[in-house]
Amino acid sequence: MLSFLPSPIILLINCIFISLNVIIIATPMMLLGIIKFCLPFDVVTVLIEKTNYHLYRTWVFFNRCIIRLTNNVKWHISGDNIPKTKKSCIVISNHLSWLDILFMGCVFKGNIPTTKFFMKHSLIYIPFAGLACYALGMPFLRRYPKEKLLKNPKLRTKDIETTKAACKRLIKFPATLINFVEGSRYTKEKAKKAKSPYKYLLPPKAASLGVAISEIGQEIEYLFDVTYFYPDNQKKAFVDMMKGRIKNIYVNVDILKIDESLKGNYLEDKQFKHDFTMYVRSLWERKDALLERMLNDYESEKNKK
C-alpha cells in the first residue's frame, strides 16, 4: 500500500514498526523466561509455552501486516497444501536471507506450532530479539574455527548436544524445528569457496537434521521441505524489504514422508549415516532443479510483460 513512497521514508516506517513489534512481543517473552527459570515446574512451563505460542502468532501476524503495508509483494506459492497441526514438526529449507525467517511465518500462517530455529550463538546478543529467542528455547549453535577444533576436538560434539536437547523439548512441548541445512546464507562467493556441486545452493550439512530425525522421527507429524527464491532481490533481500522493494517471492512447500528408511541412529550406525547423507544430497539436487524452474518461470512471466 505504501510502496509508492520514497524508499528512505519506507525504510523509516519499517524500522519503527518492526522494532516496535519485536520490543512489544519480546518483552513479555523475556519476563516469562525469567519466571520459567525461577519456577521450573511442569505446570508453570506448560502455561508459559502456551502463552509464548500466542505471542509468537501475534508477532507473525503483525510481520505479515507490515510487509503487506510497505511492499507490493506478489507471492508465487507452490507444492503441497499446508495442514493445520498442533504436533511437533520439522522444516528444512535453503537459506537466502534473514527474510527467510520472517517469510516462514507468512507462508505457514500459524498452521504449525511455534517455530524454533537453529541460530548462530552470536545472535543471542541482538537487543530484545536475542533474549526473546533464548527465552523461547531456540537452539543456539556455535561455529568454531578449524584451529580451535584441532586444539579441542570435544567442541565438535557441542552442536550435536544442542540438537539433542532441542529435540527433547519438542517431545515435551510441541514446536516446529527449522533447519537451514546449508548452515549459512547462500552467496555465489560462498558457493565457490565451498566448491558446491549445485548451481543455486551451498552443500547441505546433514548432521543436525540426521540427529533430529533419529531422536524424534517417530514423534513429529510432518517434515516440510521449503524452497525460497527472490528473483528481483538476490543480493540484499532484507535491505530491499526494508526499503519497500520486494516484488516477487517464490516459495515451494513439499511434505516429505518419514518412512522406515529415515529411521535409524545417525551417530552410531555408519550405514544409516551414509544413506541419510545421500538422501539429503538427493533432496538438494531436486531443490537445485526446482530453483532453476522457478527462475525460468520468473523470466517467462517477465518476458510476457
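A few points on the structure. (Residues numbered from 1 in each chain as written. Predicted model: local features only at pLDDT ≥ 70, side-chain atom pairs only at ≥ 80, totals over all residues. Heavy atoms only, no water.)

1. Topic: the state of the cysteines
Between two cysteines, a covalent bond joining their sulfur atoms is known as a disulfide. Applying the stated criterion across every chain yields a total of zero disulfides. Cys-65 carries a free sulfur, and the closest cysteine sulfur to it, the one in Cys-106, is 9.4 Å from it. (Disulfide = S-S within 2.5 Å.)

2. Description of the packing of aromatic side chains
Applying the stated rule across the entire model yields 13 aromatic pairs. A ring pair is formed by Phe-272 and Phe-276, whose centres lie 5.9 Å apart and whose planes are at 35°; its orientation type is tilted. With Phe-272 and Phe-276 both in helix H10 (residues 270-304) and four residues apart, this pair spans about one turn of that helix. Judged by its relative accessible area of 7%, Phe-272 falls in the buried class. Among the aromatic residues, ring-to-ring pairing joins Trp-75, Phe-103, Tyr-228 and Tyr-230 into one connected group. In this structure, Lys-287 packs its charged tip against the face of Trp-284, placed 5.1 Å from the ring centre. (Phe/Tyr/Trp six-rings, centres within 6.5 Å; stacked < 30°, edge-to-face > 60°. Helix = DSSP H or I, 4+ residues; strand = E, 2+ residues; numbered from the N terminus. Buried < 20%, exposed > 50% of the residue type's maximum accessible area, 1.4 Å probe, protein only. Lys NZ or Arg CZ within 6 Å of the ring centre and 35° of its normal.)

3. Comments concerning the pattern of salt bridges
For the coordinates displayed, the defined rule picks out five salt bridges. The closest approach of N and O atoms between Glu-49 and Lys-36, which form a salt bridge, is 3.6 Å. Here Glu-49, found in helix H2 (residues 42-70), pairs with Lys-36, found in helix H1 (residues 7-38); they are 13 residues apart in sequence, far enough to count as distant. Lys-36 matches Glu-49 in its accessibility class, with the two residues each being buried. (Salt bridge = Lys/Arg side-chain N within 4 Å of Asp/Glu carboxyl O.)

4. Brief notes about the side chain of Thr-115
Position of Thr-115 among the secondary structure elements: in strand E3 (residues 115-117). Its relative accessible area of 2% is what places Thr-115 among the buried residues. Every residue in contact with Thr-115, bar those within four places of it in the chain, is listed here: Tyr-56, Met-138, Thr-176 and Ile-178. (Contact = heavy atoms within 4.5 Å.)

Purely geometric numbers; function is a separate question.
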